[in-house]
Each structure stands twice: as structure tokens, then as C-alpha cells.
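A look at the structure
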Amino acid sequence: MSTPPHPWWKSATVYQIYPASFLDANGDGTGDLAGIITKLDYLKDLGVDVIWLSPIYRSPLADMGYDISDYEDIDSRYGTLEDWDRLLEGCKPGLFDRMDLVVNHTSDEHAWFTASKSSKNDPKRDWYIWRPGKVVDGVELPPNNWKSVFQGSAWQRDPASGEYYLHLYVSKQPDLNWDNPIVRSAVWDVMRFWVRRGCDGFRMDVINLISKTDGLPDAPVVDYTQYYQPASMYFANGPQVHKYIKQMHAEVGETPFTHEASELAAYVLPQNRELNMVFHFELMDIDSPSESPLLRKPWMLSDLKAIVDRWQRFMRDDGFWNAVFIENHDHSRSVSRFGNDSAQWRAISAKLLAIFEITQTGTLYVYQGQELGLKNFPRQNYWNLIKEQRQKAQGKEDVEMSDLLDSFAQKARDHARTPMQWNASAHGGFTTGTPWMRVNDDYPEWNAEQQISDETSVHAFWKRALKVRKTHDALIYGDFVMLLDAHEQVFAYTRNYESTSVLVLLNFKEGKAEVDLEENEGIGLEEKVILRDYEGRVYVREALLN
């Protein structure tokens, strides 16, 4: 195996911050930049190298900041540009600051769209994707049958002009027309603005959606119960996407609707000079049926093994690089999803998942609270949370709740957005005011302050695990060889790099598991091993050098 290059970001640990839920410094109930600044020492002590901020730009929050109304200003909820400058200064030395950038779409309140919508003759009309509707049997319909990611039509009719604009997400997030070179230049200007201000890089949200298939054809009918159909084959990985990203050549992107390895490789291979890495979501979709990512199906360890094995070995010699993660702002808590969040096994299975992550090749991503083993809301608490939100939004007590199925309560992204649990004081020390979202009720006994002083805690384990990862290059750059493929309880693999060999054993279930590798030459286990419930082990062996 050829030796891969070692740029700093390959061995880095990136910590994702969801600013609204991290720490509120001014008591208004919403996390802010000033709150993040006060916790920079906490992050440095944990051992992370990069902080990645979910969007903090000015936004009406139709999609929690992923609908941007001004790319060159900070939303007042989070602070000011001067606060961002102070955050950047506080990161030094030891931390890099990466921003989330959403340029597939803007908010419908962005000045670009306001101008585009004002007239068919406005110079910015072609900055977005406008089309006339079509008449079928005397009824006007949207330009095509594409379904929005958030259900319903992906088109919104503008009464003033009689035309429709495309929005792959909510109607307040109109898609930019990347085929217009002026739009691309405007995006480059936005990126230059932040780079000049000191930003170290970008995570490009849904960047593989920026090029749509010519003609915007109707999607094939796969669900005969409704008119609007899934259309990712026409809006993901489109004909010009690589051309446009080559022009950008930024830091990192996200590529949803894409599980095909060859399609993702084109974004990442070094010779293509596009992105350093991508977030593929095959692992995040392991328990999702095709009809909805919020519904839940049972997952098998064999499926998990197959996904990890494929991406760990994929085009290694050509320089393909992974983003290693099992949590983010759009997915529920990993200890509830892939571990066991019961009182007996929560901490142990959270540590198992830490081992699972730190022993894979790729840049490591940790989502806020993952280092504490934060879990999903209990079902009843989650019900109350959503009920309170709907009552507030609708201004009445009696709200519809029949859609809140068990699987929604298990997988909804709100689980990842509950406020951080810093200590046992009111609201987990997140705010002195009323939090924008309810804190998980377990904060009095499960919080950062309690764990920092406990050497057996999940936090202490993560801190040690990150040091172990950086001590052994084999965990970052080593090959990946699966063992015990058919074992439905134990995930076992080796990592070998230069003179170092690593064996990883992970028991993903409750109950003891026997591991017999005596016949595997070179592994180094001379007897059977019994793994306890949710136990993980890492064996490191250094070869003797002459």
C-alpha cells in the first residue's frame, strides 16, 4: 500500500457546534458566539483541532439558519461580526474555525431573491430557477412533478408573475441558478469575504445539488399514491457540478442522496482538485426505509460492517478520504440509535461508539454533546417538547399530534438540537433565561461539570481516546481488514501501518461475546477472548526493528 500524504486536516478532530443550543451568554434563551468563546478552553482541553459552526448568518430561521438572508453578516441572535472576530482570536493557538456555507439556496428574504421576484425583467431574475406552470386537463400544475425534500411540490407559485420558482427544501429556500456565471461569481465573493476575515475553511452544505439536469424533466413515478415524486436523480450530482466545484475548490462538502462510491469519489480524489472530503450518508440511512428518513427499520450489524468496510477500503491508494461521523445536527443521538441509552449501558455503549469512531480512517467529527454521551429525549418528554412547540407556533392548546409516531420520536433531528448540559443548575447551565428548546430532563445527573471531575466518565474516555488516536498513525492511515464478517454481535478489524499493528474488537450488543482468532496468523491473540456487554478493546503491537 502506498503511503498517503499527511496534511494536518487528515489527523484532525472536528467538533461541530450548533450555536443556538451550545451556550447562551446573554440570557435570552438562545446560544450565541459569546457563549462559544467562554467554552474554547473546554474544547481545547478535550483535544479537538477544529470547531465547525452551523450557520450563524442573518436568517429568518425557516430552517434554523440554513435559509440565509445575508451572507456577510451575523444574525443578531448570535451576536455581531465583532463577536465572530473575538471568537477567531480566542481560537488561537490550537483551534481552527470552519464555517457552514449554504449556497445551493438562499432565504426568500435575501436581497437577491427579493430583486429576482420583483419583476420578470429584473437583472437578478435569472439568479434563481423560474419556470411557467403547465396545464393538464384544464388545471394548472407546477413545471414538473418533483417532490420537495420536505414533502409537497418543489415549486412555489408567485401570484404576481404567474411563474414558479424551484425550492428543493422549504418554500422559503429558493434554489440559486448555478448555471448563471454571475451567480457563481457572487458566491466566490461571499467566500472571499470570510477568508479575508480569517475563516479557515468551509463545510459546503448540500453542495452536490447545485447543478440540475437540463430541461428539469418529470421524475419517474415510483409512488402511485401521489402526484409529486422523488427526483434526486435529476437534481443531485448534475451535469455541471464538478465543473462548478473545481472553480470553487474549497475545504469540505456534503453530498446527500448519494451512496454510489464512484459518484462520491469524483468529488474527493486529489487529482480532481474539488473537495478534501465529503459526508456520505449511507451509514446514517442504515435504519431508514426508502419512503422516509424519519421512519425506522431494524438495522443489522452485518449491514453496518458492510458499509464501514466499503468506505474504509474505497480507493485508498488514489487518495480518497472519509469524514468519520455518527452524529450531527440532523440526526438523533448515536448512543440512543447505535448503542443502548438505558441507565445500565448508556456510558459503556457511548464509550464503545467512541472506539468505533477513533479507530477508522478519515477526518474525525464529534458533534456537541457526543463527548458526554447525551441521549435522545425520552418518548414522553419528546412528545411534550413537540406539543409545546406546536402550541406556541399555532397559538392554541389543542394541536394535532397524531403524526408523531414511535419512529419519529426515535429519529427526529430535534434530539440533536436540545441545549448542551453544562452543569446541574437550572436548564443545565445553558441559559439564565428561558431556553429556546427544552433541555433533556436528565441534566442534573448527566452534565459536563460532573463528567469532567470523573475519570470514569464518557467525557474522560473521549479525551483519552482522542490522544490515543493521535499517538498511533495506524488508526488514521492504516489499512482496514475485516475479521469475523458473519458475527452478528462483534465487529472486529485490524489496522496496519508501517511497523504498527492494531486489532479492534467491538461488542455491539448486550450479552457476552466470544472471540476466537487463534487461527488468524499475525493477529497476536493466542487464546479466545470474552467480551463483556458493549465492551470494546484496542490492541496495539509495535514490531521489533533491527
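Residues numbered from 1 in each chain as written. Predicted model: local features only at pLDDT ≥ 70, side-chain atom pairs only at ≥ 80, totals over all residues. Heavy atoms only, no water.

The sheet built from three strands is open, its strands ordered β6-β10-β9 with antiparallel pairing. Strands at the two margins of the open sheet, each flanked by one partner only, are β6 (130-132) and β9 (155-157). Going across the sheet, the axis of each strand differs from the next one's by a mean of 35 degrees, ignoring polarity. Note: β6 against strand β10 (residues 163-166), three bridges, orientation antiparallel. Bridge pairing links proline 132 to glutamate 163 in β10. (Pairing = 2+ DSSP bridges. Helix = DSSP H or I, 4+ residues; strand = E, 2+ residues; numbered from the N terminus. Axes fitted to C-alpha atoms, helices over the stretch in contact; angles between N-to-C directions.)

Along helix α4 (residues 111-118), the positions that sit buried rather than exposed are Trp112, Phe113, Ala115 and Ser116. Down the axis of α4, the buried set is contained in an arc of 160 degrees. They therefore lie on one face. Structural note: α4 exposes Ala111 and Ser118 on the side pointing more than 90 degrees away from its buried face. Next to the buried residues of α4 lie β4 (70-74), β6, β10 and α5 (181-197). (Buried < 20%, exposed > 50% of the residue type's maximum accessible area, 1.4 Å probe, protein only. Arc of directions from axis to C-beta. Contact = heavy atoms within 4.5 Å.)

A few words on the packing of aromatic side chains. Two aromatic rings, taken as a pair, are described by how far apart their centres are and by the angle between their planes. Taken as a whole and judged by the stated rule, the model has 32 aromatic pairs. Taking the centre distance of 5.8 Å and the plane angle of 70 degrees together, the rings of tryptophan 178 and tryptophan 188 count as edge-to-face. In this pair, tryptophan 178 is assigned in the loop between β10 and α5 and tryptophan 188 in helix α5, connecting sequence segments 10 residues apart. Each member of the pair tryptophan 178 and tryptophan 188 is classed as buried. Cluster of aromatic residues (ring-pair linked, three or more members): Tyr57, Tyr71, Trp84, Trp112, Trp127, Phe193 and Trp194. When the ring centre of tryptophan 321 is taken as reference, the NZ or CZ atom of lysine 10 above it lies at 4.5 Å. (Phe/Tyr/Trp six-rings, centres within 6.5 Å; stacked < 30°, edge-to-face > 60°. Lys NZ or Arg CZ within 6 Å of the ring centre and 35° of its normal.)

Now for the pattern of salt bridges. Tallied over the full model, the rule gives 26 salt bridges. The salt bridge involving arginine 77 is made with aspartate 75; its shortest N-O contact spans 2.8 Å. Among the salt bridges present, the one from glutamate 163 reaches lysine 120, with a minimum N-O distance of 4.0 Å. Pair noted here: glutamate 163 is in strand β10 and lysine 120 is in the loop between α4 and β6, with a separation of 43 residues, a long-range link. When its relative accessible area of 15% is taken as the criterion, glutamate 163 is described as buried. Assessed through its relative accessible area of 47%, lysine 120 is described here as partly exposed. It is possible to trace a salt-bridge network through shared partners that takes in Arg58, Asp70 and Asp73. (Salt bridge = Lys/Arg side-chain N within 4 Å of Asp/Glu carboxyl O.)

Before going further, it helps to examine the nonpolar core. Tyr15, Leu43, Trp84, Trp194, Phe491 and Phe508 are the most contacted members of the largest nonpolar core, which totals 119 residues. Here the element with the most residues in this core is α5; it accounts for eight residues. The next biggest cluster of nonpolar side chains, apart from the first, holds 15 residues, and it includes Trp146, Ala154, Tyr164 and Ala236. (Core = buried A, V, L, I, M, F, W, Y, C linked by side-chain atoms within 4.5 Å.)

Gaps left between atoms are located by rolling a probe of water-molecule size over the structure's atoms. All chains considered together, the criterion is met by three cavities of 30 Å³ or more. Taken as a whole, the second largest cavity encloses approximately 50 Å³ of empty space. Surrounding the second largest cavity, Ile326, Glu327, Ser334, Val335, Ala350, Leu353, Ala354, Gln370, Gly373 and Trp462 form its lining. Of all elements in the fold, only α10 (334-337) and α11 (346-358) reach the threshold of two or more residues within the lining of the second largest cavity. Element by element, the count of residues in the lining of the second largest cavity is highest for α11, at three residues. (1 Å grid on protein atoms, 1.4 Å probe; cavity = no way out; pocket = protein on both sides within 12 Å on 5 of 7 lines; lining within 4 Å. Points joined across faces, edges and corners; volume = space filled by probe spheres on them.)

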